[in-house]
Amino acid sequence: AVELAPFDVQYGGFTACNINAVTKSGTNEVHGSAFYDYTSDSLMGDQVEDTEVDTGDFTEKRYGVNVGFPLIKDELFFFGAYEKLEGAQIFSYGPFGNQVAQEDLDRIRQIANDVYDYDIGTMPGSMPVEDEKVLVKLDWNINDDHRASVVYNYNDGFRIDQSDDYSTALSLSSHFYEVGAKLNSTVASLYSDWSDNFSTEVRLGKISLTNRQISLDRDSGFGEVRIDRVNGADVYIGPDDSRQSNEMDWNSSTAKIAGTYYFDNHTITAGYEWESLEAYNLFMQHTIGEYRFDTIDDFENGRVDDIYYNNSAGTNNPSDAAQRFTYDTHTVYIQDEWVIDDLTLLFGLRYDKYTSDDKPKYNEVFANRYGFDNTATFDGIDLLQPRFGFNYVLNDSMELRGGVGLYSGGNPNVWLSNSFSNDGITNIDTYRSDFYLFDENGVTVPISGDGRLIYNPIQEMYDQVAAANPSLGDEPSTNAVDPNFEIPSEYKFNLGFTWVTEDDYTSQADILHSQ
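Residues numbered from 1 in each chain as written. Predicted model: local features only at pLDDT ≥ 70, side-chain atom pairs only at ≥ 80, totals over all residues. Heavy atoms only, no water.

K.L.:
Would you explain the confidence of the model for the protein in this entry?
P.N.:
Reading predicted coordinates in detail is not appropriate for stretches of low pLDDT. Looking at the protein as a whole, its pLDDT mean stands at 92, while 96% of the residues score no less than 70. Ranking the elements of the protein by mean pLDDT puts strand E1 (residues 2-3) last, at 69, and strand E17 (residues 290-293) first, at 98. (pLDDT = per-residue confidence, 0-100. Helix = DSSP H or I, 4+ residues; strand = E, 2+ residues; numbered from the N terminus.)

Written out as structure tokens, the structure is:
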């Protein structure tokens, strides 16, 4: 179910809406289902008015199965599901044939091969996309008062992105990258009824997520090249600058203990929740380099309009810029649901607090310049979220509902992560303009490593990073959390009405305001 403004204090970590999903369980009967669907380029239109569209050569299949059954009748049950997508990502190349002619591409390809020893790739109509999901659930009826469950989820999927795909950009396959992620999640829950009036829930969880953003041509070791002014278009080849060093993984551990007490017309709920998130982040652009040429002629002659090269101070090893940090979120809440005849009132408070022992590296230049340092984190930040809701049954066919509450949500990891990875000390940016890769005698300028152009950075830029001593005003950019930073939050106001006719037609209207 999608809930836009649930006023229950157990719901948090969102500002847009809350999605409440219930996983099926096994029963005493064996039950299951399966599905399969298929499409391909032969089942897809390939012409818009008088213009033919290359849809590539692809097939797309989606299939799955689920089954539930008893392991021990009335006591232990199994439910499992499997689903897989084997599909295709369809690409378009707007500038090709309109601004960029085949002759232009042929010339760029020849120059790349002859001058830079590089294969620029092709323009595929489509490329594979995959997504695989596995779910396993065990339910155990321990006795009449206690039951437990364990749920395991696995998901691994990817798609292909053209990287630069604006209207005047033409990206070849060497510039594409894979966007993917692998998730493993396990949640164990224990539900207990201690009396007719009191019940509890205890839950433990573990989630690991590995994000992938990998250039398809990563193994070549080539940098990014952009050739401008090809009849008004920009041609991109080589691994995308933002994917040259890009990795983000995180692990989350969670715990929850909550109790519900029934007293006369009151249902009182209280609980504590904890989440510890450990994140690993490596993101640095241009660690191989980005080269922008004004024209195809410039590409051939080695005249670069702009060169960007970044790397870790002193070492030129991007892994040294990777950061690992942990922060915890503590939540306590209490709520009273009070039923007065046809009126139900909901009063609640939710309190979130963030803690962390990790800090970014201290940047003295930044602190002296701005009057505060760059080591602030979310440690000690908190937020109290009051909630109120009501539901009034006007008669057998009409009811009125509404409420007001404060909500906080959205994962703030990227803000905190940037403070660790862009501390202004480790990540050194270098830049050259109007730079010639060959001297007047056609001799290649000094190149680091094995001396291969665009595969390795310019030696003087490499040395600048190794020296790690930029002049004041040219030092690397620094990301910092404001010492007075507050977790984003918003109030939601809701008023709704439902009417069910004698013929069981349901009409519903809601007004939702957020600020």
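Moving on from the model shown.
K.L.:
It is not clear to me how the side chain of Asn 456 should be interpreted in this structure. Could you clarify?
P.N.:
Mapped onto the secondary structure, Asn 456 falls in the loop between strand E23 (427-436) and helix H5 (459-467). Within the structure, Asn 456 has its side chain in polar contact with the side chain of Asp 450 (distance 2.5 Å). Dropping the residues within four chain positions of it, Asn 456 is found in contact with Tyr 291, Ile 447, Ser 448, Gly 449, Asp 450 and Gly 451. (Polar contact = N/O pair within 3.5 Å; in protein donor to acceptor, adjacent residues only side chain to side chain. Contact = heavy atoms within 4.5 Å.)

K.L.:
Explanation requested: a negative patch on the surface in the structure shown.
P.N.:
On the surface, Asp 144, Asp 145, Asp 193 and Asp 196 cluster together into a negatively charged patch. Relative to the helices and strands, Asp 145 resides in the loop between strand E8 (126-141) and strand E9 (146-161). Residue classification places Asp 145 among the partly exposed positions, given a relative accessible area of 39%. (Patch = residues over 30% accessible without salt bridge, like charges linked within 9 Å, V, L, I, M, F, W, Y side chains within 5 Å. Areas by Shrake-Rupley, 256 points an atom, 1.4 Å probe, with all protein chains shown as cover. Salt bridge = Lys/Arg side-chain N within 4 Å of Asp/Glu carboxyl O. Lys, Arg positive; Asp, Glu negative; His and termini not counted. Charge placed at Lys NZ, Arg CZ, Asp CG, Glu CD. Buried < 20%, exposed > 50% of the residue type's maximum accessible area, 1.4 Å probe, protein only.)

K.L.:
Would you explain the sheet that holds strand E18 (residues 303-312) in this entry?
P.N.:
Paired through their backbone hydrogen bonds, the strands of a sheet run either parallel or antiparallel. The mixed open sheet is built from six strands, whose spatial order is E10-E14-E13-E17-E18-E23. Of all strands in the sheet, those bounded by a partner on one side alone are strand E10 (169-171) and E23. On average, each strand axis in the sheet is inclined to that of its neighbour by 15 degrees, with strand direction left out of account. In this sheet, E18 lies alongside E17 in antiparallel orientation, the contact comprising three bridges. Paired with Tyr 291 across the strands is Ile 307, a residue of E18. The sheet contacts of H5 involve E18 and E23, and relative to E23 the element is tilted by about 160 degrees. (Pairing = 2+ DSSP bridges. Axes fitted to C-alpha atoms, helices over the stretch in contact; angles between N-to-C directions.)

K.L.:
Whenever I open this one, the nonpolar core confuses me. Can you help?
P.N.:
The tendency in soluble globular proteins is for nonpolar side chains to be buried side by side. Counting residues in each nonpolar core, the largest one holds 40 residues, and the members touching the most others are Tyr 116, Val 225, Val 235, Tyr 291, Phe 299, Leu 437 and Ile 458. Secondary structure elements with two or more residues in this core: helix H1 (102-116), strand E13 (224-230), strand E14 (233-237), E17, helix H2 (296-301), E18, E23 and H5. If one sorts the elements of this core by residue count, H1 sits on top with five residues. Residues contacting Tyr 291, with those up to four places away along its chain left out, are Glu 224, Val 225, Arg 226, Val 304, Asp 306, Ile 307, Leu 437, Ile 454, Asn 456, Pro 457 and Ile 458. (Core = buried A, V, L, I, M, F, W, Y, C linked by side-chain atoms within 4.5 Å.)

K.L.:
Would you mind showing me how to read the pattern of salt bridges here?
P.N.:
Should their charged atoms come close, side chains of opposite charge can pair. According to the stated counting rule, one finds 24 salt bridges in the structure shown. The partner of Arg 401 in a salt bridge is Asp 510, and the shortest N-O contact between them spans 2.9 Å. Here Arg 401 is found in strand E22 (residues 398-408), whereas its partner Asp 510 is found in strand E25 (residues 506-514), with 109 residues between them in sequence. Given a relative accessible area of 41%, Asp 510 falls into the partly exposed group. Connected via shared salt-bridge partners are Lys 61, Lys 84 and Glu 86.

K.L.:
Would you take a moment to explain H1 for this structure?
P.N.:
Two residues of an α-helix separated by three or four positions point the same way, owing to the 3.6 residues in each turn. In this model, H1 (15 residues) spans 20 Å end to end at C-alpha, consistent with the 21 Å of a helix rising 1.5 Å per residue. All of the buried residues in H1 are Asp 104, Leu 105, Ile 108, Ile 111, Ala 112 and Tyr 116. Looking straight down H1, one finds its buried side chains confined to an arc of 125 degrees; they lie on one side. Those residues of H1 that are exposed and aimed more than 90 degrees away from the buried face are Glu 103 and Asp 114. Where H1 is buried, its residues touch E10, E13, E14, E17 and H2. Phi turns positive, to about 55 degrees, at Asp 117, one or two residues after H1. (Expected span 1.5 Å × (residues − 1). Arc of directions from axis to C-beta.)

K.L.:
What's the story with the packing of aromatic side chains in this structure? I'm lost.
P.N.:
Two aromatic rings are characterised by how far apart their centres lie and by the angle between their planes. Counting across every chain of the model gives 22 aromatic pairs. Centre to centre, the rings of Tyr 118 and Tyr 455 are 6.4 Å apart; their planes meet at 75 degrees, and the pair counts as edge-to-face. With Tyr 118 in the loop between H1 and E8 and Tyr 455 in the loop between E23 and H5, the pair connects residues that are 337 residues apart, well separated along the chain. Across the pair, exposure class does not vary: Tyr 118 and Tyr 455 are buried alike. Members of the aromatic cluster, each reached through a chain of ring pairs, are Tyr 327, Tyr 354, Phe 378, Trp 415 and Phe 485. For the cation-ring pair, Arg 243 lies above Tyr 177, with the distance from its terminal atom to the ring centre recorded as 3.9 Å. Its guanidinium or amino end placed over the ring of Tyr 455, Arg 452 lies 3.7 Å from that ring's centre, counting from NZ or CZ. (Phe/Tyr/Trp six-rings, centres within 6.5 Å; stacked < 30°, edge-to-face > 60°. Lys NZ or Arg CZ within 6 Å of the ring centre and 35° of its normal.)

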